[in-house]
Amino acid sequence: MEAFLTYRGRAALLDWSDVNTDLIIPARYLKRIERTGYGPLLFADKRYVPGGAPDPDHPESHGELASDFPLNASANQDATILIVGRNFGCGSSREHAVWAVAQAGYRAVIAPGKDDGFADIFEGNALNNGLLPIELPEADWETIATAVRTGPTEITIDLLRKRVTLHGNSDIEFAFDVPEGNRERILKGLDAIAETLLNDHAITRYEQSAPVWAGLSV
Amino acid sequence: MPSAPDTLFHKVWKRHVVTVTEDATLLYIDRHLVHEVTSPQAFEGLRLSGRKVRRPELTFATLDHNVPTENQLDIREPMSKRQVEALRTNAKEFGVTLYDMGSGRQGIVHVIGPELGLTLPGLTIVCGDSHTSTHGAFGSLAFGIGTSEVEHVLATQTLWQGKTPKALGIEVKGKLPAGLEPKDIILAVIRAIGTGGATGHVLEYYGPAISAMSMEGRMTVCNMSIEAGARAGLIAPDDTTIQYITATKRPFAPTGAALESALADWKLLQTDDPSAFDRIVTIDASSLVPQVTWGTNPAMTVDVTGRIPEPDQVPFTSREDARRSLEYMGLTPGTPISEIPIDIVFIGSCTNGRIEDLRSAAQVFRGRKVAAGVRALIVPGSEPVREQAIAEGLDRVFTEAGAEWRQAGCSMCLAMNPDKLTPGQRSASTSNRNFEGRQGPGGRTHLVSAAMAAAAAVTGKFTDVRTLLSQGV
């Protein structure tokens, strides 16, 4: 996982609510056994003209971009911060959805809400991959969305200070929250498993105290 | 002073705490179920870092998503074949039991866990699959995880959890009328609270309609908890639960002294008092009519006696999002549900692929024929379900009606195997998601119960199954 301290980039807006992970990456692309190659598959059934979605085994070869898909607008081509509607990433637990967003070049996703901006599993998967899921209060989110609708907009995300800065004539700063354990890991780009294994003695102690029936009766 | 009342969910959670930090909890995981789609990158991660599976004897794998249900052994698509082979190789290399095709035990991961006796009250169960919530029907805390977490559980048998979820009580009052099924209850719940209405929560279903329900029905209800955004959904164990676990031989269920100690323990697995819930939503089962989804998320549901809504009258959804849904579904506001013709019927999946679902569909198919121009697929959720259905003669009811009787797998629930919709085709499906493209690019999905799906098959459109059942044949 790539370490994340502060990051400045162009924002793009997909103003749809309840975007599910089947939409983010359709199931036929989950047959890959690799962890890479998902970038071109992001929103495959929306992003390309009809019939233009890539073959599952050739993600790099695809048709023209669809003119009516918001993220295809020329202003959004270099965007690396994705602004989305509420309940983003609902549905299937597929981590491929996070891999697709991250490998398409996005470093952070910003949704409106309080504990309901992102679906739970998507949020966990994003944190595990260093794709920062940021929830902002509705009004703050709307300020950013309005700026993006108006014209090219740059945003800085500062994970050390937990602040989002909307750049413009005058910068506007918004606070956000991330679970501390995840923040530490993302800041340092750490491996969660290695960290958990520091608790090996506690895990073993738990295993020794578990009720007999919870094991397997074979 | 008596201690404050606690919820079932919280009791199971607390039993599994290994350690806590400032804002996270390390939970011990009792059972890890694995399928071919979300595991290859996790095993590869172990390999790259030289790690082993900590408790291979608590880890169980099966093949379900890619399986061709016409002939399981004939996997023609090279990528599907590669994914299936990867799981076979990984299971062997890491010492994990795999229920392969033809083993007599293969099936959809959420159907076989309970069949094998792996799913028990009070356990923590995870799988790289959001419908893991199914296992909550037994009073276990069961939830879906991503592939990084699959790797984490393989390596450590534990999982970090952030903020402790809140407990949302779903009280289902009354008696479910004839012709209605647990599927109608869960669709009505999602319709009431919205597709993100339970985000950050664990649901507990209770009340007379739940107590009266079979384990199969309870699994249908818990299965779709995720469609309301819930982390998990569970039901307190009772005599019905214990009967399911003990009356049939289940290879991994406790017996003898272990069972005695388990039974004493499971008695404690109850919510002490509804006041312990953070919030309660009440549904009256006796007033329900069969439910049909019209849109592109499972909260977009109406009564079979209703009509397609106007875009500005869709709860939880902006006018623009509703308009896009209607356009995708090719539907006009005001159209009666009972006038919508269908092309394909799919009866199966981890939601409704169990024996009781097949019995209920057979009751409608018996003595009737699949309507002209309609194709109906009946897909058992597991090899044991298939055997049981054959023993009861249900397969003949289906084939005599002109439906296709298939082998076990996820089939048309998601377009990862040869069973899929073609663009523009409309299905009546017993699965769990009506998302755009879920059953195939451009496919249009309407979610219904098994009985309603069978009624759609024999009439070619959405039909209130109660009218067919009261007619007799």
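Note that this is a predicted model, so its numbers are computed, not measured. (Residues numbered from 1 in each chain as written. Chains lettered and ligands numbered in written order. Predicted model: local features only at pLDDT ≥ 70, side-chain atom pairs only at ≥ 80, totals over all residues. Heavy atoms only, no water.)

Asks: Hey, could you run me through the interface of chain A and chain B in this one?
Replies: The extent of an interface is frequently quoted as the accessible surface area lost upon association of the parts. Every contact between the two is made by 58 residues of chain A and, on the other side, 78 residues of chain B. Each partner contributes to the roughly 5,400 Å² buried at the junction of chain A and chain B, and carbon and sulfur atoms together form 55% of this total. The largest share of the area that chain A buries against chain B comes from A:K31, A:Y206 and A:W213, three residues that together contribute 17% of it. Inspection of the region where chain A meets chain B yields 10 salt bridges. (Contact = heavy atoms within 4.5 Å. Buried area = accessible area lost by both parts, 1.4 Å probe. Salt bridge = Lys/Arg side-chain N within 4 Å of Asp/Glu carboxyl O.)

Asks: Looking at this structure, I do not really get the sheet that holds strand β3 (residues 108-112) of chain A. What am I missing?
Replies: Within a sheet, each strand pairs with its neighbour through backbone hydrogen bonds, oriented either parallel or antiparallel. All names here are of chain A. With respect to topology, 7 strands assemble into an open sheet ordered β4-β3-β2-β1-β5-β6-β7, the strand pairing being mixed. The two strands at the open ends of the sheet, each matched to only one other strand, are β4 (132-136) and β7 (172-175). Along the sheet, successive strands turn relative to each other by an average axial angle of 30°, direction set aside. Pairing between strand β5 (residues 154-158) and strand β6 (residues 163-166): 4 bridges, direction antiparallel. Bridge pairing links T156 to T165 in β6. In the packing of helix α5 (residues 138-150) onto the sheet, contacts are made with β1 (6-14), β2 (81-84), β3, β4, β5, β6 and β7, and the angle to β1 comes to roughly 80°. (Pairing = 2+ DSSP bridges. Helix = DSSP H or I, 4+ residues; strand = E, 2+ residues; numbered from the N terminus. Axes fitted to C-alpha atoms, helices over the stretch in contact; angles between N-to-C directions.)

Asks: I tried to follow the packing of helix α13 (residues 355-365) of chain B against helix α14 (residues 383-391) of chain B on my own but got confused; where do I start?
Replies: Relative placement of two packed helices is described by the angle separating their axes and the distance separating the axes. All names here are of chain B. Orientation of α13 relative to α14, taken along the N-to-C sense of each, is 40°, at an axis distance of 9 Å. Relative to α14, α13 is oriented so that their crossing is right-handed. Mapping the contact onto sequence places I355, L358 and R359 in α13 and V385, Q388 and A389 in α14. In the contact of α13 with α14, the residues fall into 4 nonpolar, 1 polar and 1 charged. (Left-handed = near helix turned anticlockwise from the far one by under 90°. Nonpolar A, V, L, I, M, F, W, Y, C, P; charged D, E, K, R; others polar.)

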